[in-house]
Amino acid sequence: MAYDQTDRPADQPSLAARLDAELRHAEPAAILEAAVRAFGDKLAMVSSFGAESAVLLHLAAQVKPDIPVLFLDTGMLFGQTLDYRKNLAQRLGLTDVRDLRPHYQDLAVSDPDAKLWQTDTDACCHIRKVLPLDRALADFDAWITGRKRFHGGDRLSLPVVEAAEHQVKFNPLANWTKDDLDAYAAKHDLPAHPLVAQGFPSIGCWPCTSPVEEGEDVRAGRWKGSQKSECGIHLTRAPGVGVAGSPANVGGDI
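Keep in mind the model is a prediction, meaning the values are calculated, not measured.

A. How the structure looks around the environment of P65. Of note, P65 is situated in the loop between α3 (53-63) and β2 (69-72). A relative accessible area of 36% places P65 in the partly exposed class. Along the chain, P65 and D96 lie 31 residues apart, while their C-alpha atoms are 8.0 Å from each other. Other than its neighbours up to four places away in sequence, P65 contacts A60, G93, L94 and T95.

Here it is, written out as structure tokens:
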């Protein structure tokens, strides 16, 4: 079934279901091509430039090197992540990487001492990740994530395409295994995030990211010792929680 930007119904769940049916067994590159074909300049990619990010970023660079790549610079990232973001984007030829930062007013009111993570990690993620991403995504009709089913938890049933409130969300790597990722990275000689060699298979902000012990889940080092497993950008929130004037988007290592 053909589809393009002029063949997009207002009912995003119906569109997402149709795209998922068509693409659920497709290769990541084909999924990305279909996303670009359907949404064009109204499509963005969200990337943490984390442990597994290079594969999807490389794929995107082959399909649309000027795709807007939204990078959440929380102010608490590892220095290695910031260096990796700069070097990898340059190496892959991605020309529109956008650094999203929390608003000064949000920090001044809710986290003036940058210690909120010690008492309320959900609130910390909300002002440093969720709100900045909501603001940026208000300009787009669809976005791409790097989530995979093998990460476990709620991601075990991850579709290739899903509805995200007023948007459509693509998960091109949903079907791929860790072996698939490793093989692709090796084939294309993609540089690993420097913290991977130090035992970090999933990388977020430094206060809430720990090395993982052998045999533990890939995301076991995120918010270790708590029940938290997602930063919030991939979780449904109650109406009105989002930024005023922007849609309440459904919104982890991304």
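Having seen the model, we can carry on.
B. Here's a closer look at the pairing of β2. Side-chain alternation along β2 places V69 and F71 on one buried face and L70 and L72 on a second face that is also buried. Note that strand β1 (residues 43-46) and β2 share 2 bridges and pair parallel. Among the inter-strand pairings, M45 is bridged to a residue of β2, identified as V69. A crossover links β1 with its parallel partner β2, the connecting element being α3, and its sense is right-handed. Sheet topology note: the β2/strand β3 (residues 97-100) ladder contains 4 bridges and is parallel. When the sheet's bridge partners are listed, L72 is paired in β3 with L100. With respect to chirality, the unit in which β2 leads through helix α4 (residues 79-92) into the neighbouring parallel β3 is right-handed.

C. Representation of the pattern of salt bridges in the model. All told, the structure shown has 14 salt bridges when counted by the stated rule. Residues R18 and E22 are paired through a salt bridge, measuring 3.8 Å at the closest nitrogen-oxygen approach. Taken together, the positions of R18 and E22, both in helix α1 (residues 12-23) and 4 residues apart, correspond to about one turn of that helix. Given the relative accessible area of 29%, E22 is considered partly exposed. For the salt bridge of R101 with D73, the shortest nitrogen-to-oxygen distance reads 3.3 Å. Pair noted here: R101 is in the loop between β3 and α5 (104-110) and D73 is in the loop between β2 and α4, with a separation of 28 residues, a long-range link.

D. Representation of the packing of α3 against helix α7 (residues 178-187) in the model. One can describe the packing of α3 onto α7 by two numbers: an axis separation of 9 Å at closest approach and a directional angle of 60°. Comparing the axis directions of α3 and α7 gives the class oblique. Considering only the axes of α3 and α7, their crossing is left-handed. Contact with α3, carried on its side by V55, H58 and L59, involves L181, Y184 and A185 of α7 and no other residues of that element. Here the residues of the contact of α3 with α7 are counted per class, giving 5 nonpolar, 1 polar and no charged.

E. View of the nonpolar core. Counting 47 residues, the largest nonpolar core has L23, F39, L43, F49, V168 and F170 as its most contacted members. Every residue in contact with F170, bar those within four places of it in the chain, is listed here: L19, L23, I31, A35, F39, L43, A142, W143, I144, T145, V160 and V161. If you look at the next biggest cluster of nonpolar residues, it comprises 13 residues, including L70, L72, V130 and L137.

F. Looking closely at α3. Among the 11 residues of α3, 9 are classified as buried, and the element is accordingly described as predominantly covered. Where α3 is concerned, the buried positions are S53, A54, V55, L56, L57, H58, L59, A60 and A61. Among the structural elements, α2 (28-39), β1, β2, α4, β4 (142-144) and α7 are those in contact with the buried residues of α3.

G. Highlighting the sheet that holds strand β5 (residues 161-164). In spatial order, the strands read β3-β2-β1-β4-β6-β5; together these 6 strands make up an open sheet with mixed pairing. The strands lining the two open edges of the sheet, one partner per strand, are β3 and β5. With strand direction ignored, the average angle separating the axes of adjacent strands in the sheet is 30°. In the sheet, β1 pairs with β4 via 3 bridges, with the strands oriented parallel.

Conventions adopted
Residues numbered from 1 in each chain as written. Predicted model: local features only at pLDDT ≥ 70, side-chain atom pairs only at ≥ 80, totals over all residues. Heavy atoms only, no water. Helix = DSSP H or I, 4+ residues; strand = E, 2+ residues; numbered from the N terminus. Buried < 20%, exposed > 50% of the residue type's maximum accessible area, 1.4 Å probe, protein only. Contact = heavy atoms within 4.5 Å. Pairing = 2+ DSSP bridges. Right-handed = clockwise from strand over helix to strand, strands pointing away. Salt bridge = Lys/Arg side-chain N within 4 Å of Asp/Glu carboxyl O. Axes fitted to C-alpha atoms, helices over the stretch in contact; angles between N-to-C directions. Parallel < 35°, antiparallel > 145°, perpendicular 65-115°, else oblique. Left-handed = near helix turned anticlockwise from the far one by under 90°. Nonpolar A, V, L, I, M, F, W, Y, C, P; charged D, E, K, R; others polar. Core = buried A, V, L, I, M, F, W, Y, C linked by side-chain atoms within 4.5 Å.

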